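Spelled out from the first residue to the last, the chains are:
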Amino acid sequence: MIKIAPSILSADFCRLGADVDEARAAGADYLHFDVMDGVFVPNISVGLPVLKSLRRATDMFLDVHLMIVRPQRYAKAFCDAGADLVNFHVESDTEENILRAVTTVKECGKKVGVTVKPRTQAEAILPFIEYCDLVLVMTVEPGFGGQSFMTDQLPKISRIRDLIERCAPQCELEVDGGVDEDTAPLCVRAGANVLVAGSAVFGRSDRAAAIRAIREKTK
Ligand code: DX5
Ligand code: ZN
């Protein structure tokens, strides 16, 4: 069964709790929480205080996508703030430091993932895969919601699905960027099982219809 993870980046931050409740009622599986520092990506979003508030407001599974430099500095803090899963970009620090960050999250008893940008090779996940609960493949350049899906990432999704089957079959494969009812089936066919959708869910007034449309097309 495919999981759908609406990204709060496209929600209305003045009514975040209500938007999240709507997504939950509409059948969303995870809530995707994008953290941007203005350095790793050319945009700034939200961070620890918002995650803490959200944790108090919902029991949804919080999937935190860190787009920050040297994320190891904040690995424990995001776990303590209420993340259920923390994703680290493999490009955001040295292999050694990313491994440290991954270990920190496991020690906190939370799930962990690694993320690859569009120009990063599939094999970049290999040093981390045995520890991972999820691998996240970016299908846009990270930084902004509402961009077009990069179809040239589909072979990489398939390649990563092969690596997962071989090295860590329980690991989930998530895609993020430009996923909507038209591109979701392509991702699922390539091997993804978790679909992040920002504008395709929170950009629409009827969130239930948006989620239903993605589910229908990926059956
Ligand atoms: C982009 C973020 C995404 C973003 C997706 O850097 O990581 O999670 O919210 O937005 P859409 O689904 O609109 O492309
Ligand atoms: Zn994201």
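Residue positions are counted from 1 within each chain, in the order its sequence is given. Chain A is the first chain written and ligand 1 is the first ligand written, with later ones labelled in order. Totals for whole chains, interfaces and linings use every residue, but because this is a predicted model, local features are given only for residues with pLDDT of at least 70 and side-chain atom pairs only at 80 or more, for both listing and counting. For the side-chain quantities, the full set of heavy atoms in the structure was used; hydrogens and water were omitted.

Colleague: Before we go on, may I ask you to explain the overall build of the chain in this structure?
Modeller: Counting secondary structure elements, the chain contains 8 helices and 8 strands. Computed over its C-alpha atoms, the radius of gyration of the chain comes to 16 Å, within 12% of the 17 Å expected for a compact globule of 219 residues. Each principal axis of the C-alpha atoms in the chain carries an extent, and together these give about 45 × 35 × 30 Å. The burial tally for the chain puts 54% of its 219 residues in the buried class. In what follows, a contact means two residues having at least one pair of non-hydrogen atoms within 4.5 Å. Sequence separation of 24 or more characterises 66% of the internal contacts of the chain that already satisfy a separation of 6 or more. Surface accessibility in these figures is a Shrake-Rupley result with a 1.4 Å probe; residues are shielded only by whichever protein chains are displayed. When the accessible surface of the chain is summed, it comes to about 9,300 Å², and 51% of that surface belongs to carbon and sulfur atoms. We count Lys and Arg on the positive side and Asp and Glu on the negative side, and we leave His and both chain ends out. Positions of charges follow a simple convention, taking NZ of Lys, CZ of Arg, CG of Asp or CD of Glu. One way to put it: in the chain the 26 positive side-chain charges average out to a point 2 Å from where the 31 negative ones average out. Starting at the N terminus, helices and strands are each numbered in turn, a helix being any DSSP run of H or I of at least four residues and a strand any DSSP run of E of at least two. With C-alpha atoms as the basis for the radius of gyration, the globule rule is written as 2.2 Å multiplied by the number of residues raised to the power 0.38. For each residue, the accessible area found with a 1.4 Å probe, counting protein chains only, is set against the maximum for its type, and the residue is called buried under 20%, exposed over 50%, and partly exposed in between.

Colleague: Sorry, what's going on with the coordination of the zinc ion (ligand 2) here?
Modeller: Each donor-metal-donor angle would ideally measure 109.5 degrees in four-coordinate tetrahedral geometry, or 90 or 180 degrees in six-coordinate octahedral geometry. Coordination of the zinc ion (ligand 2) by the protein involves His32 (NE2), Asp34 (OD), His65 (ND1) and Asp176 (OD), with metal-donor separations of 2.1 to 2.3 Å. In this structure, the zinc ion (ligand 2) is surrounded by 6 donor atoms whose angles at the metal cover 71 to 171°, and the resulting shape is octahedral. Here the donor residues of the zinc ion (ligand 2) share one chain and are spaced in sequence as H-x1-D-x30-H-x110-D. A residue pair is termed long-range when its members are at least 10 positions apart, and aspartate 34 in strand E2 (residues 30-36) and histidine 65 in strand E3 (residues 61-67) qualify at 31 residues. On the accessibility criterion, aspartate 34 (5% relative accessible area) is buried. Metal donors: N, O and S atoms at distances within 2.8 Å, or within 3.2 Å for Na, K and Ca, with water omitted from the atom set so that some sites may seem incomplete. Any coordination sphere not matching a tetrahedral pattern (four donors, all angles between 85 and 135 degrees) or a square planar or octahedral pattern (four or six donors, opposite donors over 155 degrees apart, other angles between 65 and 115) is reported as irregular.

Colleague: Mind showing me how you'd approach the nonpolar core here?
Modeller: Nonpolar side chains in soluble globular proteins tend to end up buried together. Among the buried residues, those of types Ala, Val, Leu, Ile, Met, Phe, Trp, Tyr and Cys that are joined through side-chain atoms within 4.5 Å form a nonpolar core. Ranked by size, the top nonpolar core spans 65 residues in total, and within it Phe88, Val114, Val135, Ile160 and Leu195 carry the most contacts. Among the elements that take part in this core, helix H5 (residues 154-167) stands out by supplying 5 residues, more than any other. Setting aside residues no more than four positions away along its own chain, isoleucine 160 makes contact with Val116, Ala122, Ile125, Val135, Val137 and Leu173.

Colleague: I would appreciate a short explanation of the site of ligand 1 in the present structure.
Modeller: Nearness here has a simple test: a residue counts as near a molecule or strand if at least one of its heavy atoms is within 4 Å of that partner. Taken together, 20 residues sit near ligand 1, with Ser7, Gly143, Asp176, Gly198 and Ser199 positioned nearest. Whenever a nitrogen or oxygen atom comes within 3.5 Å of another N or O atom, the pair is scored as a polar contact, on the condition that within protein one atom can donate a hydrogen and the other can accept it, and that pairs from neighbouring residues in sequence are kept only if both atoms are in side chains. In this structure, aspartate 176 approaches ligand 1 through a side-chain N or O atom, which is 2.7 Å from an oxygen atom. Here an oxygen atom of ligand 1 sits 2.8 Å away from a polar atom, N or O, in the main chain of glycine 198. Considered on its own, ligand 1 offers 380 Å² of accessible surface; in the complex 100% of this is hidden by protein. Of all the secondary structure elements, the ones that give two or more residues to the shell around ligand 1 are E2, E3 and strand E8 (194-197). Residue contributions to the shell around ligand 1 peak at 3 residues, all from E2. Note that Gly is not counted as nonpolar here; it falls among the polar residues with everything else outside the nonpolar set of Ala, Val, Leu, Ile, Met, Phe, Trp, Tyr, Cys and Pro and the charged set of Asp, Glu, Lys and Arg. A class-by-class count of the residues in the shell around ligand 1 yields 8 nonpolar, 10 polar and 2 charged.

Colleague: Before we go on, may I ask you to explain the pairing of E8 in this structure?
Modeller: The side chains of a regular strand alternate between both faces of the sheet. Neither face of E8 is open: one carries Val194 and Val196, the other Leu195 and Ala197, and all of them are buried. By the convention used here, strands pair only if DSSP detects at least 2 bridges between them. Bridge count between strand E1 (residues 3-6) and E8: 4 bridges; the pairing is parallel. The residue of E8 that forms the bridge with isoleucine 4 is leucine 195. Where strand E7 (residues 172-176) and E8 come together, 2 bridges link them in parallel fashion. Residue valine 175 lies in a different strand from E8, and its bridge partner there is leucine 195. At this point the chain moves from E7, through helix H6 (residues 184-190), to the parallel E8, and the crossover so formed is right-handed. A crossover counts as right-handed when, viewed with the strands pointing away from the observer, the path leading from the first strand over the helix to the second turns clockwise.

Colleague: Looking at this structure, how should I read the sheet that holds E3?
Modeller: Across a sheet, strands are paired by hydrogen bonds formed along the backbone, either parallel or antiparallel in direction. On the basis of which strands lie adjacent, the open sheet formed by 8 strands has the order E1-E8-E7-E6-E5-E4-E3-E2 and parallel pairing. Of all strands in the sheet, those with a lone pairing partner are E1 and E2, marking the two edges. For this sheet, the mean angle separating the axes of adjacent strands, direction not counted, is 25°. Pairing geometry for E3 and strand E4 (residues 85-89), over 4 bridges, is parallel. Whenever a helix is involved, its axis is fitted only over the stretch in contact; in every case the axis is a line through C-alpha atoms, and angles between N-to-C directions fall within 0 to 180 degrees.

What is shown is where atoms sit, not what they do.
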